[in-house]
Each structure stands twice: as C-alpha cells, then as structure tokens.
Amino acid sequence: MDLDWSALGEVAAVSLGVTVAVVVVFALGVLGLARVEGTRETDGGTHALGIAQAGLCFLACATVVAYGIYLIVPQFH
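This is a predicted model, so every value here is computed, not measured. (Residues numbered from 1 in each chain as written. Predicted model: local features only at pLDDT ≥ 70, side-chain atom pairs only at ≥ 80, totals over all residues. Heavy atoms only, no water.)

As for the overall build of the protein
Step number 1: Along the protein, the regular secondary structure elements total 2 helices and 0 strands.
Step number 2: Taken against the 2.2 N^0.38 rule, which gives 11 Å for 77 residues, the C-alpha radius of gyration of the protein at 18 Å runs more than 25% over that of a compact globule.
Step number 3: With respect to the principal axes defined by its C-alpha atoms, the protein has extents near 65 × 25 × 10 Å.
Step number 4: Looking at the 77 residues of the protein, the share that counts as buried comes to 12%.
Step number 5: Within the structure as shown, the protein displays about 5900 Å² of accessible surface, and the carbon and sulfur contribution to it stands at 73%. (Helix = DSSP H or I, 4+ residues; strand = E, 2+ residues; numbered from the N terminus. Rg over C-alpha atoms; globule rule 2.2 N^0.38 Å. Buried < 20%, exposed > 50% of the residue type's maximum accessible area, 1.4 Å probe, protein only. Areas by Shrake-Rupley, 256 points an atom, 1.4 Å probe, with all protein chains shown as cover.)

And the structure:
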C-alpha cells in the first residue's frame, strides 16, 4: 500500500484553513448581532450595519456547509 503523503498533507491543510475561516466568519456574524443588541440597549434603535454584517456572515457559513454536504453526498452530483 502506497500513500500519497503530499496529497494527504494538502487535504489536511485545506481542511484546517477552511475550518478556521468559517469559525472567523461565524464570529464576525456574532459580533454583528452583539452590535445590534448594544445599540438597542443604549439608544433603543437598531443598527442596520450590524444586521447586514450578521446576515452576510451567517449566509456565507451556510453556503460553505451546503457546499460541503454537496461534495459528500453522491446523489447531489
């Protein structure tokens, strides 16, 4: 049995990079929601930029997860 160690390392590196990127984007989405709550507590209004930031970040995370499921499930191809 022969393993292609460079391919294995490449897959591991890409997996680690995508995982870190998704976690950072999700954290930015949570930060956007925190901005909305902070603005709501201080002046009673909403912060549209925080809502947009959270929505875009969570949409990006959902897109990455959906693409991963598409790659794993053979019936989707």
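Focus: the packing of aromatic side chains
Step number 1: With the rule as written, the count across this model stands at 2 aromatic pairs.
Step number 2: Measuring from centroid to centroid gives 5.2 Å for F26 and F58, while their planes differ by 50 degrees, and the two rings are tilted. Here the residue F26 occupies a position in helix α1 (residues 5–43), and F58 occupies one in helix α2 (residues 48–72), the gap between them amounting to 32 residues.
Step number 3: Aromatic pair Y67 and Y70: ring centres 6.3 Å apart, planes at 25 degrees, arrangement stacked. Note that Y67 and Y70 are positioned in helix α2 at a spacing of 3 residues, about one turn of the helix. (Phe/Tyr/Trp six-rings, centres within 6.5 Å; stacked < 30°, edge-to-face > 60°.)

So, the state of the cysteines
Step number 1: Tallying each qualifying case throughout the model produces 0 disulfides.
Step number 2: Between C57, a cysteine without a disulfide, and C61, which holds the nearest cysteine sulfur, the sulfur-to-sulfur distance is 7.0 Å. (Disulfide = S-S within 2.5 Å.)

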